[in-house]
Amino acid sequence: QVQVAESGGGLVQPGGSLRLSCTVSGNIFSIAAMGWYRQAPGNERELVARIARRDRTDYGASVRGRFTISRASAENTVVLQMNNLKPDDTGVYYCLAERVATPDRDKDHWGQGTQVTVSS
C-alpha cells in the first residue's frame, strides 16, 4: 500500500520561511513526478511546484523566485523551501505523487495536507 507523508507546515510571519517535506513509501517501482499543490478557503486547488524525471521543475506564477522544490537524499522524498512568505500563501498544502507504479497498478496518490498560515 502506498503512503504519502507530509510534514513541515505551521504559522509564520510575512517575510519568513518554511520547509515542507513529502515522502512516498510502499512497494513502489517508480514515480513519474512529485509536487505540491495548495488550496485556500473558497479557492480551487492550484499548482505550487512540481519536479519530474530528469529534475524538470514547474512553478506556479505567484511563487516563482520565492519557492524551490528539490529532491532530498532519502528515497522518494521531495522538499519545498518557501522563502519570503506572504499572507496569500496561506492554505492547505497537499503533496501529489503522480503515476506511482506498483505491482498492482499505476495511480496518482495525494497526501492528507498540511496547513501553512502566513500572518502577523
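Let me begin by describing the structure that accompanies this report. (Residues numbered from 1 in each chain as written. Predicted model: local features only at pLDDT ≥ 70, side-chain atom pairs only at ≥ 80, totals over all residues. Heavy atoms only, no water.)

## As for the sheet that holds strand 7 (residues 67–71)
Move 1: Taken together, the four strands give an open sheet; going across it, the order is 1-3-8-7, and neighbouring strands pair in antiparallel fashion. Only two strands of the sheet have a single neighbouring strand rather than two, namely strand 1 (3–7) and strand 7. Taking each pair of neighbouring strands and ignoring which way they run, the sheet shows an average axis angle of 15°.
Move 2: Here strand 1 pairs with strand 3 (residues 18–25) via five bridges, running antiparallel. (Pairing = 2+ DSSP bridges. Helix = DSSP H or I, 4+ residues; strand = E, 2+ residues; numbered from the N terminus. Axes fitted to C-alpha atoms, helices over the stretch in contact; angles between N-to-C directions.)

## Quick notes on the pairing of strand 7
Move 1: Relative to strand 8 (residues 77–82), strand 7 runs antiparallel, the two sharing five bridges. Counterpart to Arg71 in the pairing with strand 8 is Val78.
Move 2: Taken together, strand 7 and the strand that follows it, strand 8, pair antiparallel across an intervening segment of five residues, in which Asn76 is found at a positive phi of about 55°.

## Topic: the layout of surface pockets
Move 1: The volume enclosed by the largest pocket comes to roughly 220 Å³.
Move 2: Ile31, Met34, Arg71, Glu75 and Asn76 are, among the 16 residues lining the largest pocket, the residues nearest its centre.
Move 3: Contributions of two or more residues to the lining of the largest pocket are made by strand 4 (30–39) and strand 8.
Move 4: At five residues, strand 4 tops the list of elements feeding residues into the lining of the largest pocket.
Move 5: Here the lining of the largest pocket is built from residues that sort into ten nonpolar, three polar and three charged. (1 Å grid on protein atoms, 1.4 Å probe; cavity = no way out; pocket = protein on both sides within 12 Å on 5 of 7 lines; lining within 4 Å. Points joined across faces, edges and corners; volume = space filled by probe spheres on them. Nonpolar A, V, L, I, M, F, W, Y, C, P; charged D, E, K, R; others polar.)

## Things to note about the nonpolar core
Move 1: Ranked by size, the top nonpolar core spans 28 residues in total, and within it Trp36, Leu80 and Met82 carry the most contacts.
Move 2: Every element with two or more residues in this core is listed here: strand 3, strand 4, strand 5 (46–52), strand 7, strand 8, strand 9 (91–101) and strand 11 (114–118).
Move 3: When neighbours within four sequence positions are excluded, Met82 is seen to be in contact with Gly16, Ser17, Leu18, Leu20, Arg66, Phe67, Tyr93 and Val116. (Core = buried A, V, L, I, M, F, W, Y, C linked by side-chain atoms within 4.5 Å. Buried < 20%, exposed > 50% of the residue type's maximum accessible area, 1.4 Å probe, protein only. Contact = heavy atoms within 4.5 Å.)

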